[in-house]
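Fold and contact review
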Amino acid sequence: MSRWTVGRMLAAGFLLALVALVVVGISAYVRIGSLVESQTPLRHSHVLLGQIGGLGDALHVLDRASRTRPDPPSAEWAESYRSSAATVERRLREVRAASAGDNTHQELLNRLEPMVEARIAEPQGDVSLLFPLVSEMHQHEEAELAGKLAQSRASAQNTRWLILWFVVATAVLVALCARWITKRITQPTKKITAAAQRVAAGDLTRRAEVTSPRELAQMAQAVNTSMSAILAAHDEAVAATAAKSAFLATMSHEIRTPMNAVIGMTGLLMETDLDARQRELVETVHASGASLLVIINDVLDFSKIEAGELSLDEQPFVLRACVQQAMNLVALTADAKGLHLSSHFEPECPEVVCGDEARIRQILVNLLGNAVKFTDHGAVTVAVSSAPDLAAGQSGRVAIRLAVRDTGIGIPADRMDRLFLPFSQVDATTARSYEGTGLGLVISQRLAEAMDGGITVDSQPGHGSTFAVTLRLGESSTPEINTLPGYDRSTAVASRGTTARSLLVLVAEDNPVNQRVAQLLLERRGHRVEIVSDGEAAVEAVMRTRYDLVLMDVQMPVLDGLDATRMIRADPPAHGAPRIVALTANALVDDRKASQLAGMDGFLAKPINETDLDTVLATAAAHADVRLAGQSPLVDSDVEEPASIRACVGAIAGAVPDDRQRIATILHNFADRLPVVLDKMDHAAASGDARNLARLAHGLKGSSSTLGANRFAAICADLEERAVRHPEGSADILRDLHDQAREVSDTMVSLSTELARV
């Protein structure tokens, strides 16, 4: 045998992989560290550009102050002018400190400071001469930033190539090592595994030829030795099983053929004119033939199972209809004995599943038939539920539990082990009171096992029994489900894609059953759900929590859904109002209009159509993403609007650095559309169309807030509220909106140009 052992081979492979990983990690750490250090000059340039921009803004303010000097100067103007001058001087000091290492900036500042002092001393002087110097500083720093960015990109590219080559080399090395280990360990293991599988399948002719490594060679030798020992016993067992299965199959078919003739002929005979005695005899023969045919079918099914010829036909079907059909087959017998026969479905149980409907019905008929047979008074109940099963969920299936309960004689504990033995009965004496072959439960158990499930029994003598069948069935996602008889789309389990994101949904519904249905539908799609029972609680919840979506029932106690929506729209919470969708059984056109007038964003009729629900959720997710995109860092109230817009756009651009051109286009389109929207708002105000004015202000508020124009958005919000409550006071706010719009538009155009150049 070889000197190599499995332990030595694995140790060598692990050591090689560990060394390669350490080399790649250290090299990546060093290179990424240098990249991180290279970001410091870039951040400094960004800060300096902001300070230069602030200096320009301060000079603009000083220029406006000097131009608006009254004659004679008032104390208020003088105070404002001194404040503007102080801001300019402070900005100059900040820029000089930040550009201390740049000779060009220092030279420009040396030229700029005397001119600034002269203009401050002489308010009526021309400040416009200062702007070219500020612009020159800005252009110089932009050029410096471009150079630093180029260096950073080059360094990053070199780092990428270096790490790539290290990774490729490591991958090649590890692949060679893995190939060697596979050849020396995995292949012998596969040979031994294949030999063991052949033994399990009955093939004892081929041996495992393994000589290395040492442990696997010894294992192969043990497997080969065991083959000879079990070969004779295996052949005998196979021959006996084959003979039994062949006999059962042959006899079942041979008996079935004449029995079909007996049943058919007696059926025809019963349709002729017979006297009472003759009819009694014929009905007895016909019923006995039918009973015998059931026994033959059981024997034939058992022979198929024993021979391994059982196959399942998986198709989507309505579970409720399958259970009802099985109950219908035993209903007459139950009625004749005065038994109450009923079924109960848990709310979370899927309506449509994929499986072999005929075989599942066969299991239920066997269990229900036994329950009715062994119950003289009381009830037989079928309870259907969705059993929690982690393994089934991971494989894309659902575990269905069907529990058949009866109030019959029960089963003694010492005879439980006989239930699932072929041709065995609990009462096997010659004086037994109940007929049967003893195959029904065996076949049911084998069928359940073929569906990756099983049957359990809980019974007490004199108190009845419960047979619980667990089946792992497929979740139906095919379009053909919709055409099945009895299909109810409101509760079907349809296929769903990976949500882009989990939503926080508030369900305002007073009916507990509807609450549970909505909760299950939403949670199955991966969303978080909170539930309230009336409109007043819904308003309080929206004011307290930031929801992505509210499903609002229209008819609720305390406060109905329409009034609750009106209250939320009239006084939205500080964190923003969510999307609100009406949830109601009233699906008429007038009801839709009423929900729209109340301020709802959509309409979802009961029973819930899952396709419509998915559309509502997708729309809510899209709006939630827009809200998240607008959550830029908050700026202080004394920060100018351009700085606020730059901060917001910078945050968005920083999140998607490869999409700057798209952001530039958005900014440019906003600036182009702004005059058009303002004209429409002026026309609406002039014509007294307060509703359209509020709508336009609402839309402009959202888009401007998303791009960081916080003050502009605040004016839009004020205009929206004024248009609803006091339309006559909208003109003053519109003037403020026009004044602020110029600065916002200029900033958007400037930023768009800058982003397009990068």
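Residues numbered from 1 in each chain as written. Predicted model: local features only at pLDDT ≥ 70, side-chain atom pairs only at ≥ 80, totals over all residues. Heavy atoms only, no water.

A short note on the sheet that holds strand β8 (residues 504-508)
Strand order across the open sheet formed by 5 strands is β9-β8-β10-β11-β12, with parallel pairing between neighbours. Across the chains shown, the open sheet's two edge strands, defined by having one partner strand only, are β9 (528-532) and β12 (602-605). Shown here is a sheet whose adjacent strand axes are inclined to one another by a mean of 25°, direction ignored. Inspection of the sheet shows β8 paired to strand β10 (residues 549-553) by 4 bridges, in the parallel sense. Along β10, the bridge assignment pairs Val-505 with Leu-549. Sheet contacts for helix α13 (residues 561-570): β10 and β11 (579-584); angle to β10, the most-contacted strand, approximately 145°. (Pairing = 2+ DSSP bridges. Helix = DSSP H or I, 4+ residues; strand = E, 2+ residues; numbered from the N terminus. Axes fitted to C-alpha atoms, helices over the stretch in contact; angles between N-to-C directions. Contact = heavy atoms within 4.5 Å.)

Let's talk about a nonpolar patch on the surface
Side chains of Leu-18, Leu-21, Val-22, Ile-26, Tyr-29 and Val-30 sit close together on the surface and give an oily, nonpolar patch of about 660 Å² of accessible area. Looking at the element boundaries, Leu-21 is found in helix α1 (residues 6-67). A residue is classified by how much of its surface remains accessible, and Leu-21, at 59% relative accessible area, is exposed. (Patch = residues over 30% accessible without salt bridge, like charges linked within 9 Å, V, L, I, M, F, W, Y side chains within 5 Å. Areas by Shrake-Rupley, 256 points an atom, 1.4 Å probe, with all protein chains shown as cover. Salt bridge = Lys/Arg side-chain N within 4 Å of Asp/Glu carboxyl O. Buried < 20%, exposed > 50% of the residue type's maximum accessible area, 1.4 Å probe, protein only.)

Section: the confidence of the model for the protein chain
Atomic detail in the predicted coordinates should be set aside for any region of low pLDDT. With 78% of its residues at a pLDDT of 70 or more, the protein chain has an overall mean of 77. Helix α9 (residues 390-394) is the least confidently modelled element of the protein chain, averaging 60 in pLDDT, while β8 averages 94, the highest of any element. Across residues 478-500 the pLDDT falls below 50, and counting only partners more than four positions away or on other chains, this stretch makes 44 contacts in the model. (pLDDT = per-residue confidence, 0-100.)

Concerning unusual backbone geometry
Of note, Asp-452 is a non-glycine position whose phi angle comes to about 60°, a positive value. With respect to the element layout, Asp-452 can be found in the loop between α10 (440-450) and β6 (454-460). Non-glycine residue Val-558 carries a positive phi angle of around 70°. Residue placement: Val-558 occurs in the loop between β10 and α13. Note on Val-558: relative accessible area 64%, which makes it exposed.

Concerning the side chain of Gln-51
Summarising the element assignment, Gln-51 is placed in helix α1. Sequence-distant contacts of Gln-51, that is, excluding residues within four places in its chain, are made with Glu-94, Val-95 and Ala-98.

Quick look at the packing of aromatic side chains
In this structure the tally under the stated criterion is 1 aromatic pair. When the ring of Trp-77 is compared with that of Tyr-81, the centres are 5.0 Å apart and the planes differ by 20°; the resulting orientation is stacked. A residue pair is termed a helical-turn pair when its members lie 3 or 4 positions apart in one helix, as Trp-77 and Tyr-81 do in helix α2 (residues 75-98) at 4 residues. The exposure class of Tyr-81 is buried, given its relative accessible area of 6%. (Phe/Tyr/Trp six-rings, centres within 6.5 Å; stacked < 30°, edge-to-face > 60°.)

Quick word on the environment of Gly-50
Mapped onto the secondary structure, Gly-50 falls in helix α1. Expressed as a C-alpha distance, the spacing of Gly-50 and Val-95, which sit 45 residues apart in the sequence, is 9.5 Å.

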